[in-house]
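Close look at the chain arrangement
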Amino acid sequence: NDDNEAAIVAAGGIEVLVSLARDGNQGQKEHAAGTLWNLAINDDNKVAIAAAGGVEVLVSLAGDGTEGQQECAAAALCNLMNDDNEAAIVAAGGIEVLVSLARDGNQGQKEHAAGTLWNLAINDDNKVAIAAAGGVEVLVSLAGDGTEGQQECAAAALCNLMNDDNEAA
């Protein structure tokens, strides 16, 4: 709830959670990434998570974490999306990680990765990078054979890949 979110943030929780997502044990990493996923809905928290190094930590977990860590991290990256965080996700190698998850992940990982690619595909440079990483084929496959949520995210990402001048679907 909003009161607990504010209390977590006020108590320095974002920095602690980013640290746990980076350095904790397997369970701590997953729960920290899951909490960051929820906190990242708030615009002020997006900025604070990025300032604490959370973008890089979440991209790393999305690529190399356990199944649960990868799903939470991909969802957190989707919620973290803003212009600055978009650039940080890309700089941390996030496009390749997300295309890989959308191709090879479990059902939740695929949906969250496709959702993040949907957001990243607004930017013209990212469109090129997504295509270069094999994302078009992965997104077409999800649009055709994925779950309802995967299909929606993949179709929207494909739409954004086709739009010109940073137009969003």
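Right above here is the structure, for reference.
Starting afresh in each chain, residues are numbered from 1 along the sequence in its written order. For a predicted model such as this one, the threshold for reporting local features is a pLDDT of at least 70, and the threshold for listing and counting side-chain atom pairs is 80 or more; totals across whole chains, interfaces and linings nevertheless cover every residue. With hydrogens and water excluded, all non-hydrogen atoms of the structure serve as input to the side-chain values.

Let's shift gears to the overall build of the protein chain. In terms of helices and strands, the protein chain carries 12 helices and zero strands. Secondary structure of the protein chain in N-to-C order comes out as α-α-α-α-α-α-α-α-α-α-α-α. By the compact-globule yardstick of 15 Å for 169 residues, the protein chain fits well, its C-alpha radius of gyration being 15 Å. Taking the principal axes of the C-alpha coordinates as reference, the protein chain spans close to 45 × 30 × 30 Å. Residue exposure (1.4 Å probe, protein chains only): buried if accessible area is under 20% of the type maximum, exposed if over 50%, otherwise partly exposed. Taken over 169 residues, the protein chain has a buried fraction of 44%. Whether two residues touch is decided by their heavy atoms; if any such pair falls within 4.5 Å, the residues are in contact. The long-range fraction of contacts in the protein chain, counting pairs at least 24 apart against all pairs at least 6 apart in sequence, stands at 63%. Computing the positive centroid from 6 side-chain charges and the negative centroid from 27, the protein chain places the two 7 Å apart. Secondary structure elements are taken from DSSP: a helix is a run of H or I of four residues or more, a strand is a run of E of two residues or more, and numbering for both begins at the N terminus. A radius of gyration in this sense is built from C-alpha atoms; the matching globule rule multiplies 2.2 Å by the number of residues raised to 0.38. His residues and chain termini do not enter the charge count, which takes Lys and Arg as positive and Asp and Glu as negative. A charge is said to be at NZ when it belongs to Lys, at CZ for Arg, at CG for Asp and at CD for Glu.

Note that Val-57 resides in helix H5 (residues 54-64). Val-57 gets classed as buried once you look at its relative accessible area, which sits at 10%. Here the alpha-carbon distance between Val-57 and Ala-33, two residues 24 residues apart in the chain, equals 9.1 Å. Look past the residues within four positions of Val-57 in its chain and what remains in contact with it is Val-18, Ala-21 and Arg-22.

As a further point, take the pattern of salt bridges. By definition, a salt bridge exists where a carboxyl oxygen of Asp or Glu is found within 4 Å of a side-chain nitrogen of Lys or Arg. The final tally for this structure, using the stated rule, is three salt bridges. Put simply, Asp-104 and Arg-103 hold a salt bridge, and the shortest N to O gap is 3.1 Å. Of the charged contacts, one joins Lys-127 and Asp-124 as a salt bridge, the two residues approaching to 3.3 Å between their closest N and O atoms. A residue pair is termed a helical-turn pair when its members lie 3 or 4 positions apart in one helix, as Lys-127 and Asp-124 do in helix H10 (residues 124-132) at three residues.

Bringing the side chain of Asn-126 into the picture now. As for its placement among the helices and strands, Asn-126 is situated in helix H10. Classification of Asn-126 as buried rests on a relative accessible area of 5%.

Here, a disulfide means two cysteine sulfur atoms that sit within 2.5 Å of each other. Under the definition given, this model contains zero disulfides. There is no disulfide at Cys-72, and the cysteine sulfur nearest it, in Cys-78, is 13 Å away. Since its relative accessible area comes to 11%, Cys-72 is described here as buried.

Coordinates in, geometry out; function isn't part of it.
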